[in-house]
Amino acid sequence: VIGLGGLPFLSLLGIFAVVGSATLALYVLKLRRRSMVVPFAPLWRRVLRDQEASELWSRLKRIFSLLLQLFLLALLIFALGDPRPTARRAAARNVVVLLDASASMKAHDLEPSRIEVAKERVNALVDGLGSGDRMLIAEMDADLTPLSTMSSDTLELKEAVRRVRASDTAADLTRGLLFARDSLRGLEGAEILIVSDGALGDLKESGKGVDLAGARVSFVPIGESGDNVAISQFSVRRYPLDKSRYEVFLELCNTTERKVEIELSLLGDGQVVDVSRVELEPKQTLPRFYQDLAGASRTLEARIKPLGDAIDRLPADDHAYALMPERRRTRVLVVSPGNTYLEAALLLDEYLEVTWIDDRAKAPAAHFDVAVLDGTVPPEATQADAYLYLATPATGGPVKLRRVIEDFGFDEWDRKSPLLRWIALENVQVSTGYALEPERGDKVVGSSELGPILVSGNRAGHPFVALGFEPKNSDLVLRVAWPLFLLNTIDAFVEEDSQYLSSYRTGEIWQLPVPGAATTVELKGPDGQIDKLAVKSGRATYFGRNAGFYELSVGDGSERSTTLFAANLSDIDESHITPKKELTLGSVPLAAAQGFGAGARQELWHYLVLAGFVLSVIEWATYHRRVTV
Amino acid sequence: MNIFEVFTRKKPRAPSLRPSEGLFDDDFQRKLESLAIVSRRVFRGRLRAERRSKKRGSGLEFADYRDYAAGDDFRFVDWNIYQRFGKLLVRLYEEEEDLSIYLIVDCSGSMGFGSGEKFKQARRLCAALAYVGLANLDRVTVVGVSNGRVSHLPATRGKTRIFKVFRFLDQLKAEGTTELASAMKTFVTQHKRRGVAVLISDLYDPAGFEGGINMLRYDKFEPYVLHVLDPNEASPKLEGDVRVYDCETGEAREVTLTEKLREQVQTAFGDYRAEIERFCAKNQVPYFAAETEVPFDELILRVFRRGGFLR
């Protein structure tokens, strides 16, 4: 009926023999009385005359004291064996707890927060484990992190629960279920407990393709109310032709059933740029544009604050962050025999520092970000990071000229290429030019039916763009597309993007570009935690969990350079924090957790130790009251 | 006042006890000189002194007349009687002689029990009483009894002999058993001259304290009992299982000391003292309890005087 889960019986017997012998030895030593000299023993004799009559009873009491001590010892040693009812051991369960640590679990509808209440519930489940049950605690956000082994050790499990932290990501239930299935493979009494507020995305999709192999899935609901107002989207971009100014797009979402008023603040470089009041209808998603803003050169942050009786339970989605590329003057070298169209186009961007030289002149000693070559090759000793070839020369160019072509246009082009952003090339007419012959690794950005006419690539570490015709031989120079093409190309070379700056999204793996040839970088998160990341192929990989500004540092000492970037939650599903009391996985409704009641553990060693303690107290009391001596 | 600490030194200086060392300071000494041990009976003395005796002699106190006989000193003839009655009568006067005082100190092991306070107290009392006796020109004999045997300082007179008394007391050791009956038997055999016998003892005699006192009574001594008591003896310090040894006989007994037993022991000690008091009262033997916690000068100057032992 009772089985041992700890030390085997023979070991217990050995321990009892050794410790019991020691107890006996101590008992014999205890019987060696202390000596006390008295002046007149006959007086004591008179006193003891009555006691001697009950000497036999005294001896019996002494033996009782010894037996009590041995019994106490036996209880404690038996407790070492961890005795448990055999029937309970046979029906033991193996439980994987998927504890939702997504952003919605940061909601404050429960005190102090959903995640803390969820942790308390899991701790209660741990306390309610049966005698042979084992449990594994896993933190489930966009990633799945097991925090303990499959264990019956309540201390280990509670420590794992203590380490759970909610992140600014959405929970990936599919990943969690797959992990649970793999962890429970081949184990008896498999059970999966999902402790969540139910904001788990599309549950029909989550359950698809996951064969849980008969594991029982239970749901422990967390949360009470779902009133929330969120910033669901946030983007910012500089104007292409006036990069000191920018415009902001953001999307506000009211998930409540009532009209709410909020205060929306925009902060540029930590200073308030704009404050406005916004009214949101019930369940309304409101996009807002802020045009022609100025006053921020680096960071931009949006904040919302509920006003009046508006309730906002989730602070995590009340902030959004963006980082604008650093503004600096781009040094451009133009090698041209003279080109009015080119000159006019480059004048449009006041942040360009243009140096003009004749195609027969020597290259200046200065270093340039971009060299624009108008039908020529770069002069000897030209120092430039990137090259734009307009009318690629037959010799000395980055690509070969395949053949002469006439009366052609752009029939195909890469519409997603940053070079051709906001440009319509359908009707461009070219009288004469060359079909280019790109090398392996080069990218054809635009081509006519006669061959590639716009190619980008990299030569000796320097990026280039080659145009297969002279712009003056086309109507391109008469179009708005011409200056846009030039400025897009220069911006692409210097990596100064003027598109909407959608920051990194949390819950995804970020490929962070790392300047230089560093092999490791340091990444400081919004919470101040610093991680060291390895760099591979010029990029560091990082799984982003928290929203806010990140700081990527490369190098040491004076050569240390730091790059900032931002990350946002930007997941409307996580902003819908209305808790679900029931959950349906696929088409199967999940049951409530059962069998975790108090006393289910049935570990007898607690009672044995308690009994030992009580006996010890009794023995102590009776000894000092001279009952058992 | 704590002069007997000097006694216990291994190498006492000679003379070991000087007034300047506080044996008796001047004031206390004067008070002692004004005291005298009271004897309720009149004993025959040996030398002329200040005590009334049974003898008729040349004292100042008129005692009786007798007929003149040839050879009588004419100075003692009462000529007024002769003139009135025509008879020659001679005036007799009481002779004043000395008193024999025996100070018997119990030197058994129980007297030195613990820190030896009882033995110190006994010797202090003995010294003080000896001085009182010597100051009154009495014959003082100091006796130490232990193991049924007797060691004594021969009878001596005069204040100057007090240092002899001190040296004798200093040599006494608290060891051996208490056998008062046999010791007193030896004492009465050795000392034919009757007198006051002051027994200074804790009376822890396994054979019974009565035997020793009765021996003095039966041999016409006038016994006084100074019962030296140490209250700490009735309150054992240990607790729990102990083996109790008698300090004199070595008799052992296993005891578990509890609060209840401690109370019983205290009661037993009280009963024993009451038993002694009852015996002394019944047999008209003056009894004085000399507790170690009571300063000995207070015992001498107040308790003993109030009890009629000193005047």
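Residues numbered from 1 in each chain as written. Chains lettered and ligands numbered in written order. Predicted model: local features only at pLDDT ≥ 70, side-chain atom pairs only at ≥ 80, totals over all residues. Heavy atoms only, no water.

Draft legend 1. Summary view of the overall build of chain B. Along the backbone of chain B there are nine helices and 10 strands. Across the 311 residues in chain B, those meeting the buried criterion constitute 51%. Taking contacts inside chain B between residues at least 6 apart in sequence as the whole, the part at least 24 apart equals 74%. Accessible area of chain B: about 15000 Å², with a carbon and sulfur share of 47%. (Helix = DSSP H or I, 4+ residues; strand = E, 2+ residues; numbered from the N terminus. Buried < 20%, exposed > 50% of the residue type's maximum accessible area, 1.4 Å probe, protein only. Contact = heavy atoms within 4.5 Å. Areas by Shrake-Rupley, 256 points an atom, 1.4 Å probe, with all protein chains shown as cover.)

Draft legend 2. Expanded view of the overall build of chain A. Helix and strand counts for chain A stand at 12 helices and 35 strands. In chain A, which comprises 629 residues, the proportion classed as buried is 48%. Carbon and sulfur atoms form 53% of the exposed surface of chain A, whose accessible area is close to 30400 Å².

Draft legend 3. Structural detail: the packing of helix 6 (residues 180-190) of chain B against helix 7 (residues 210-218) of chain B. All names here are of chain B. Interhelical geometry of helix 6 versus helix 7 gives an angle of 20° and a closest axis separation of 7 Å. Relative to helix 7, the element helix 6 is oriented roughly parallel. At the point where helix 6 passes helix 7, the crossing takes the right-handed sense. Here Leu180, Ala181, Met184, Lys185, Phe187 and Val188 of helix 6 lie close against helix 7, whose contacting residues are Gly211, Gly212, Met215 and Leu216. Looking at the contact of helix 6 with helix 7 residue by residue, the class counts come to seven nonpolar, two polar and one charged. (Axes fitted to C-alpha atoms, helices over the stretch in contact; angles between N-to-C directions. Parallel < 35°, antiparallel > 145°, perpendicular 65-115°, else oblique. Left-handed = near helix turned anticlockwise from the far one by under 90°. Nonpolar A, V, L, I, M, F, W, Y, C, P; charged D, E, K, R; others polar.)

Draft legend 4. Geometry of the sheet that holds strand 32 (residues 561-568) of chain A. Residues and elements named next belong to chain A. The sheet built from seven strands is open, its strands ordered 26-32-31-28-29-30-27 with mixed pairing. Where the open sheet ends on each side, the last strands, each with one partner, are strand 26 (504-505) and strand 27 (509-513). Sheet topology note: the strand 28 (residues 520-524)/strand 29 (residues 530-536) ladder contains five bridges and is antiparallel. Residue Lys524 lies in a different strand from strand 29, and its bridge partner there is Ile530. (Pairing = 2+ DSSP bridges.)

Draft legend 5. Highlighting the environment of Val228(B). Residues and elements named next belong to chain B. With respect to the helices and strands, Val228 occurs in strand 7 (residues 222-229). On the basis of relative accessibility, which here comes to 1%, the residue Val228 falls in the buried class. As for Val228 and Leu203, which are separated by 25 residues in sequence, their C-alpha atoms are 8.2 Å apart. Excluding anything up to four places from it in sequence, Val228 contacts Met111, Lys118, Gln121, Ala122, Ile200, Ser201, Asp202 and Ala290.

Draft legend 6. Local environment of the packing of aromatic side chains. One pass over the structure, following the stated rule, counts 24 aromatic pairs over all chains. On the basis of an interplanar angle of 70° and a centroid distance of 5.2 Å, the ring pair of Tyr321(A) and Phe549(A) is categorised as edge-to-face. Residue Tyr321(A) is found in strand 15 (residues 319-323), and its partner Phe549(A) is found in strand 31 (residues 548-554); the two are separated by 228 residues along the sequence. The class of Tyr321(A) is buried, set by a relative accessible area of 14%. Ring geometry for Tyr204(B) against Phe269(B): centres 6.3 Å apart, planes inclined by 85°, an arrangement best described as edge-to-face. Taken as a pair, Tyr204(B) in the loop between strand 6 (196-201) and helix 7 and Phe269(B) in helix 8 (residues 259-282) lie far apart in primary sequence, 65 residues in all. On the basis of relative accessibility, which here comes to 3%, the residue Tyr204(B) falls in the buried class. The rings of Phe40(A), Tyr204(B), Phe209(B), Phe269(B), Tyr272(B) and Phe279(B) are connected pair by pair, giving a single aromatic cluster. Sitting over the face of the ring of Trp422(A), Arg421(A) holds its NZ or CZ atom 5.4 Å from the ring centroid. (Phe/Tyr/Trp six-rings, centres within 6.5 Å; stacked < 30°, edge-to-face > 60°. Lys NZ or Arg CZ within 6 Å of the ring centre and 35° of its normal.)

Draft legend 7. Structural context of the interface of chain A and chain B. Counting residues at the interface gives 21 residues for chain A and 32 residues for chain B. Roughly 2800 Å² is buried in total at the junction of chain A and chain B, and carbon and sulfur atoms are behind 63% of that figure. For chain A, the biggest contributors to the area lost against chain B are Arg33(A), Pro39(A) and Trp44(A); these three give 25% of the whole. At the boundary of chain A with chain B, the tally comes to two salt bridges. Here chain A and chain B share seven residue pairs in polar contact (both at pLDDT 80 or more) between them. For the side of chain A that touches chain B, the secondary structure elements donating two or more residues are strand 2 (34-38) and helix 2 (41-53) of chain A. (Buried area = accessible area lost by both parts, 1.4 Å probe. Salt bridge = Lys/Arg side-chain N within 4 Å of Asp/Glu carboxyl O. Polar contact = N/O pair within 3.5 Å; in protein donor to acceptor, adjacent residues only side chain to side chain.)

Draft legend 8. Fine view of the sheet that holds strand 12 (residues 271-280) of chain A. All names here are of chain A. One open sheet holds the four strands; their spatial order is 12-11-14-15, and the pairing between them is antiparallel. Bordering the open sheet on either side are strand 12 and strand 15, each of which pairs with just one other strand. Strand-to-strand, the axes of this sheet are offset by a mean angle of 20°, without reference to chain direction. Where strand 14 (residues 299-307) lies against strand 15, five bridges are found, and the strand directions are antiparallel. Bridged to Glu301 within strand 15 is Tyr321.

Draft legend 9. Representation of the confidence of the model for chain B. Residue and element names in this part refer to chain B. For chain B, per-residue confidence averages 81 on the pLDDT scale, and 82% of positions sit at 70 or higher. Put simply, helix 1 (residues 4-7) is where chain B has its lowest mean pLDDT, 47, and helix 7 is where it has its highest, 93. Confidence over residues 6-22 falls short of pLDDT 50; this stretch has 26 contacts with residues more than four positions distant or in other chains. For this predicted complex, the interface confidence reaches an ipTM of 0.75, while the overall pTM sits at 0.50. (pLDDT = per-residue confidence, 0-100.)

Draft legend 10. Quick peek at unusual backbone geometry. Residues and elements named next belong to chain A. With an omega of -5°, the peptide bond running from Glu111 to Pro112 counts as cis. One can find Pro112 in the loop between strand 4 (94-100) and helix 5 (114-127). Even without glycine at this site, Trp422 takes up a positive phi of about 65°. Examined against the element boundaries, Trp422 turns out to sit in the loop between strand 21 (412-413) and strand 22 (430-437).

Draft legend 11. How the structure looks around the pattern of salt bridges. Scanning the entire structure with this criterion turns up 43 salt bridges over all chains. Glu301(A) is paired through a salt bridge with Arg303(A); the nearest N and O atoms lie 3.0 Å apart. Since its relative accessible area comes to 13%, Glu301(A) is described here as buried. A residue is classified by how much of its surface remains accessible, and Arg303(A), at 34% relative accessible area, is partly exposed. Of the charged contacts in the structure, one is a salt bridge between Asp78(B) and Arg91(B), with a shortest N-O distance of 3.4 Å. In this pair, Asp78(B) is assigned in the loop between strand 1 (48-67) and helix 3 (79-85) and Arg91(B) in strand 2 (residues 89-97), connecting sequence segments 13 residues apart. We classify Arg91(B) as partly exposed; its relative accessible area is 24%. Each member of the salt-bridge network shares a partner with another, and the members are Asp141(A), Asp143(A), Asp172(A), Arg175(A) and Arg545(A).

Draft legend 12. Quick peek at helix 6 of chain B. Residue and element names in this part refer to chain B. Within helix 6 the residues assigned to the buried category are Leu180, Ala183, Met184, Phe187 and Val188. Seen along its axis, helix 6 keeps its buried residues to an arc of 130°; they face one direction. The inward-facing, buried residues of helix 6 abut strand 3 (100-106), strand 4 (139-146), strand 5 (149-156), strand 6 and helix 7. (Arc of directions from axis to C-beta.)

Draft legend 13. Expanded view of a nonpolar patch on the surface. Taken together, the side chains of Leu56(A), Trp57(A), Leu60(A), Ile63(A) and Leu67(A) present a nonpolar region at the surface, about 570 Å² in accessible area. Position of Leu56(A) among the secondary structure elements: in helix 3 (residues 55-80). (Patch = residues over 30% accessible without salt bridge, like charges linked within 9 Å, V, L, I, M, F, W, Y side chains within 5 Å.)

Draft legend 14. The arrangement of the packing of helix 2 (residues 26-33) of chain B against helix 9 (residues 296-306) of chain B in detail. All names here are of chain B. Taken N-terminus to C-terminus, the directions of helix 2 and helix 9 make an angle of 35°; their axes are 11 Å apart at the nearest point. Handedness of the crossing formed by helix 2 with helix 9: left-handed. Of the residues in helix 9, those touching helix 2 at Phe28, Lys31 and Leu32 are Phe296, Asp297, Ile300 and Leu301. Of the residues that constitute the contact of helix 2 with helix 9, the class distribution is five nonpolar, no polar and two charged.

Draft legend 15. Up close: helix 6 (residues 154-162) of chain A. All names here are of chain A. Taken together, the buried positions of helix 6 are Leu157, Ala160 and Val161. One side of helix 6 carries all its buried residues, which in axial view fall inside an arc of 100°. Measuring from the side-chain oxygen of the N-cap residue of helix 6 to the backbone nitrogen of Leu155 gives 3.0 Å; that N-cap residue is Asp153.

Draft legend 16. Representation of the pairing of strand 8 (residues 240-246) of chain B within the structure. Where burial is concerned, most of strand 8 of chain B is hidden: five out of the seven residues are buried. Looking at chain direction, strand 2 of chain A and strand 8 of chain B are connected through five bridges and run parallel. Bridge pairing in strand 8 of chain B places Arg34(A) opposite Val242(B). Of the pairings in the sheet, the one linking strand 8 of chain B to strand 9 (residues 252-257) of chain B comprises six bridges and is antiparallel in character. Of the residues in strand 9 of chain B, the one forming a bridge with Asp241(B) is Thr256(B). Taking the residues between adjacent antiparallel strands as the criterion, strand 8 of chain B and strand 9 of chain B are bridged by five residues, where Gly250(B) takes a positive phi near 80°.

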